[in-house]
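Breakdown of the fold
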Amino acid sequence: MAVQNAVCAADRKIVLVGNPNVGKSVLFNALTGAYTVVSNYPGTSVEVSRGNCQIDGVSYEVLDTPGMYSLLPITEEERVAREILLKEKAHTVIHVIDARNLERMLPMTLQLVEAGLPVILLINILDEAERRGMYVDIPLLQEKLGIPVIGGAMARKRGLAELRQAIASYDSKVKAVFGYSRDLEKDIAKISEHLTGDYTLVPRSIALLLLQKDEDVWGLIRDAEKGSLEAIEKAVNDTVYERRMDLNLRISLERKRICRAILEEVVHQQADRKPTFFERLAGWTINPWTGFPLLLLVLYFGVYVFVGKFGAGVLVDLLEGGLFENYLNPWVVGLVHKLTSWYWLRELLVGEYGVFTLGVRYAVALVLPIVGTFFLAFSLMEDVGYFPRLAMLVDRVFKKIGLNGRAVIPMVLGFGCDTMATMVTRTLETVRERVIVTLLLALAVPCSAQLGVIMGLLSEVPGALPVWVACVMLVFLAVGLLSARLLPGERPMFYMELPPMRLPQARNVLIKTVSRMQWYFLEIFPLFIFASILLWAGKMTGALNGLVRIMSPAISALGLPSETTAAFIFGFFRRDFGAAGLYDMHSQGLLSPRQLTVAAVTMTLFVPCIAQFLMMKKERGWKVSLGIFLLVTLLAFAVGWSLNVVLGFTGWLA
Amino acid sequence: MKCGFCGRDLPPPDKVRQKPCGACLGGCRKIHCPWCGYENPIVPNYLRRWKNKDESKEND
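Conventions we followed
Residues numbered from 1 in each chain as written. Chains lettered and ligands numbered in written order. Predicted model: local features only at pLDDT ≥ 70, side-chain atom pairs only at ≥ 80, totals over all residues. Heavy atoms only, no water. Helix = DSSP H or I, 4+ residues; strand = E, 2+ residues; numbered from the N terminus. Buried < 20%, exposed > 50% of the residue type's maximum accessible area, 1.4 Å probe, protein only. Contact = heavy atoms within 4.5 Å. Lys, Arg positive; Asp, Glu negative; His and termini not counted. Charge placed at Lys NZ, Arg CZ, Asp CG, Glu CD. Domains from an automatic or database assignment. Buried area = accessible area lost by both parts, 1.4 Å probe. Salt bridge = Lys/Arg side-chain N within 4 Å of Asp/Glu carboxyl O. Pairing = 2+ DSSP bridges. Axes fitted to C-alpha atoms, helices over the stretch in contact; angles between N-to-C directions. Expected span 1.5 Å × (residues − 1).

Here we take up the overall build of chain A. What chain A contains, in helices and strands, is 27 helices and nine strands. Counting over 654 residues, chain A shows a buried share of 57%. Across chain A, contacts joining residues at least 24 apart in sequence account for 76% of those joining residues at least 6 apart. With 64 positive and 59 negative side-chain charges, chain A shows a separation of 4 Å between the mean positions of the two kinds.

Laid out in structure tokens, this is it:
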């Protein structure tokens, strides 16, 4: 696309900004032609394209910035894009947005306009929107926004002449202003009255960024406002204290409200156009009346049938029962016995806890097929765009039971990996939220690997899975509700943009599944080997028997055979390793359906794996993490014991 | 590559500046979305060419 060539800097600059994939580069090429320079922005590894164009005999330098979602930067690319806006003193800033996603992208236009930048709005990909029966009233939008608005399709150069005309005749004296709610306007005024420095952005925009804790802008203020810095800090801190809510969220919601009001009369859908299947499905997934039955369907077909019956049934039988039991195990055991007569070495390699007979077999024949099918179902749901909707659906329930809606993100992440989800809890606003979510993650949110193995394991026993789901849900809701009542604090709102739902792409799903299986296997395989060596050492030294003896009263109180202790010890290393231990015992006929259900419930609620415990300690400190550890252990065994009593009394799963 | 949760474009793996939790042996094989925190798998090199071919069809 770009040719390295000298591009003379012109006096006037046109800066192209917008989300990724909205057609900025297409517009850049249409404006500048072939002669462009692509170079890293000074001090960064972010590439910025520069080129020249002539409009009505005037020369302009055109800058194509990296994609950005907001004026408040999060990534390096966004930081560079904003720095260009702040430093390059643009003649015009062309905000390129996708006509199909106006509501999602217009809030950034508002940010650019309120920053006092000379904005021209280009509504691109209009042809595609029209094909979908959408009509955008461009003159009305221009009137409402108070800036030039051009509709077009840059890939076909539609609207390019109008855009060039708008650039040439741009009147920088005309400034549009949007009003927020009275409270927010008061807060903005309280801060901006102290701003006396010379900035590219107007004081109103600076005040909003200060309220949103923008570190770069705070740095700018510290340099420029020597005299009034204290007053500014006081005004911001007073506002944050007074409002006691996430100001970032509040400002985003205000902008969203303004955009909705603007677009209400601007965007029209063809009356005879019927919503597509995915548009209707997207609505069903977040409506509680249809969302929960849909969730049950997804769990039934995606997890119970596909993972449980196919992954844990057909594939495991093929690998474990067929390949390992009939061919690999006898061959490797025979080979080891032929090569060495040392008992300890035989035990280490092919014994009860042998590296091959336990570590390799568990990883390859038991866990991998189950987790592989689980990842396939997971990637499919992810590619369709189901997860953010699931978060919205669950969020509504969370709010009803008094839990914090924002906790949804780490909770959903917990189904991927609880260790990482524990780390993500640091993004929550208050200590109260972080402690509640950390506790719930440790207690009742099984990671994907454990979930896959347990679902696979229990789906073979009729009635066991509903009992497991009911127990875990009950504990989750009870502990969540109780801790939300006991720990005082505010309940911030949950807000997220929903990306559109779409037909899954086979290539995407396959790539994500294979990538996940690869990192999972690389992660678990050494750990499984390490755990089997440790267990072997425990067996050889007698330490394992000692541990089994210590734990046996608790295990027998649950009505479980003493061999289950080993599976619980496996669970310390990794949750899925423990679940695989149960699977192995069940396939050997050592566990009755009742014992299997009790063991699965207890293990799910039982202490997190080593990695998660270490992360809890790192994030919450020794006191809180040990408290959670003790509480979770006690609760797990108490629930397991109660379940065993209830099942024994009622005769279910006998 | 788009985030599997919020749908925003993820930065390329070589440009991601994230502090891994250190729980995984051999380093982190996930990209955490800078906007929502969701963990997306890093596509291995042997699959990347296939993926890039698909993404080049998208407009920009």
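After that view of the structure, there is still more to cover.
The parts lose accessible area when they come together, and the size of an interface is often stated as this lost area. Residue and element names in this part refer to chain A. The domain boundaries assigned to chain A delineate domain 1 (12-168), domain 2 (182-269) and domain 3 (286-650). The straight-line distance from the C-alpha centre of domain 1 to that of domain 2 is 24 Å. Taken together, the contact pairs 28 residues of domain 1 with 25 residues of domain 2. Between domain 1 and domain 2, the buried area comes to about 2400 Å², and carbon and sulfur atoms account for 62% of it. It is Leu72, Glu103 and Glu114 in domain 1 that bury the most area against domain 2; as a group they hold 24% of the surface buried on that side. Where domain 1 meets domain 2, there are six salt bridges.

Time to look at the sheet that holds strand S2 (residues 36-40) of chain A. All names here are of chain A. Here we have seven strands laid out as an open sheet, ordered S2-S3-S4-S1-S5-S6-S8, and mixed in their pairing. The sheet is open, and its two edges are formed by S2 and strand S8 (149-151), each paired on a single side. Taking each pair of neighbouring strands and ignoring which way they run, the sheet shows an average axis angle of 25°. One ladder, built from five bridges, connects strand S1 (residues 12-17) with strand S4 (residues 58-64); its direction is parallel. Note that in S4 the partner of Arg12 across the bridge is Tyr60.

Across its 23 residues, helix H21 (residues 464-486) of chain A extends 33 Å between first and last C-alpha, which sits within 8% of the 33 Å expected from 1.5 Å per residue. All of the buried residues in H21(A) are A:Ala464, A:Leu465, A:Val467, A:Trp468, A:Cys471, A:Val472, A:Val475, A:Phe476, A:Val479, A:Gly480, A:Ser483 and A:Ala484.

A few words on helix H8 (residues 203-211) of chain A. Residue and element names in this part refer to chain A. Here H8 lies mainly inside the structure; eight of its nine residues are buried. The complete set of buried residues in H8 reads Arg204, Ser205, Ile206, Ala207, Leu208, Leu209, Leu210 and Leu211. Packing partners of the buried residues in H8 comprise helix H2 (76-87), helix H3 (102-114), helix H7 (182-192), helix H9 (215-224), helix H10 (229-243) and helix H11 (247-266).

A word on the pairing of S4(A). Residues and elements named next belong to chain A. Counting buried residues along S4, five of its seven residues qualify, which places the element largely inside the surrounding structure. For strand S3 (residues 47-55) and S4, the ladder comprises seven bridges, and the chain directions are antiparallel. Paired with Gln54 across the strands is Ser59, a residue of S4. In this antiparallel pair of consecutive strands, S3 and S4, the connection spans two residues, and Asp56 shows a positive phi of 50°.

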